[in-house]
Amino acid sequence: MGADFKYISQFTASLDGNPDASSPYLKYYVPFCEQSELMQHMAICWAACFLSDTGHVERPFAQSHKDRVIQLLNRQLLVSASDEMIAAVLQLIVVEWYVFLSRPVGYPLLWK
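Residues numbered from 1 in each chain as written. Predicted model: local features only at pLDDT ≥ 70, side-chain atom pairs only at ≥ 80, totals over all residues. Heavy atoms only, no water.

Draft legend 1. Representation of the overall build of the protein within the structure. Along the backbone of the protein there are 5 helices and 0 strands. Each helix and strand of the protein, ordered N terminal to C terminal, gives the series α-α-α-α-α. Counting only residues that meet the buried cut, the protein has 25% of its 112 residues in that class. A total accessible area of about 7,700 Å² is found for the protein, and carbon and sulfur atoms account for 64% of it. (Helix = DSSP H or I, 4+ residues; strand = E, 2+ residues; numbered from the N terminus. Buried < 20%, exposed > 50% of the residue type's maximum accessible area, 1.4 Å probe, protein only. Areas by Shrake-Rupley, 256 points an atom, 1.4 Å probe, with all protein chains shown as cover.)

Draft legend 2. Representation of the side chain of histidine 65. Assignment of secondary structure puts histidine 65 in helix H4 (residues 59–77). Residue classification places histidine 65 among the buried positions, given a relative accessible area of 18%. With sequence-adjacent residues up to four places away left out, histidine 65 is seen in contact with Ile44, Cys45 and Ala48. (Contact = heavy atoms within 4.5 Å.)

Draft legend 3. Molecular detail of H4. Taking 1.5 Å of rise per residue, 19 residues should cover 27 Å, and H4 covers 27 Å from first to last C-alpha, within 8% of that figure. Those residues of H4 that fall on the buried side of the exposure criterion are Ala62, Gln63, His65, Lys66, Val69, Leu72 and Leu73. (Expected span 1.5 Å × (residues − 1).)

Draft legend 4. Region of the structure containing the pattern of salt bridges. Overall, the coordinates contain 2 salt bridges when judged by the stated rule. The closest approach of N and O atoms between glutamate 37 and arginine 68, which form a salt bridge, is 3.3 Å. Here glutamate 37 is found in helix H3 (residues 37–53), whereas its partner arginine 68 is found in helix H4, with 31 residues between them in sequence. By relative accessible area, glutamate 37 is classed as partly exposed at 39%. (Salt bridge = Lys/Arg side-chain N within 4 Å of Asp/Glu carboxyl O.)

Draft legend 5. Expanded view of the confidence of the model for the protein. Taken as a whole, the protein shows an average pLDDT of 75; of its residues, 71% reach a score of 70 or greater. At the level of individual helices and strands, the protein shows its lowest average pLDDT in helix H1 (residues 2–9), which scores 46, and its highest in H4, which scores 89. Every residue in residues 1–5 is under pLDDT 50, and counting partners more than four places away or in other chains gives 2 contacts. Note that pLDDT drops below 50 for residues 7–11; the model gives that stretch 4 contacts with residues more than four away or on any other chain. (pLDDT = per-residue confidence, 0-100.)

Draft legend 6. Examining a nonpolar patch on the surface more closely. Among the surface-exposed residues, Ile86, Val89, Leu90 and Ile93 lie close enough to one another that they form a single nonpolar patch of about 370 Å² accessible area. Take valine 89: it is sitting in helix H5 (residues 83–101). (Patch = residues over 30% accessible without salt bridge, like charges linked within 9 Å, V, L, I, M, F, W, Y side chains within 5 Å.)

Encoded structure:
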């Protein structure tokens, strides 16, 4: 897991509160997400998941945003696959992975 974290963390904004404006995440990925309705909803879904996990919003709120992302994915899949679809699926996997790892054994998961 350490190697995976090192690889993934190079694409994140900041873990220590001091974002580097030249990081690949801020330079390339954020503008890419801003141009895509799907990725905008994915960002909201990710935030809703975190806020639900910390008790700031209700679980159904986070679930509704996940459902919206899946609807958008399904709609775009009818047309063709794209980079944004792959990015959204990867982010959904990370969200599910985070939720699964952050729960004690036997604790109900956030998602249906």
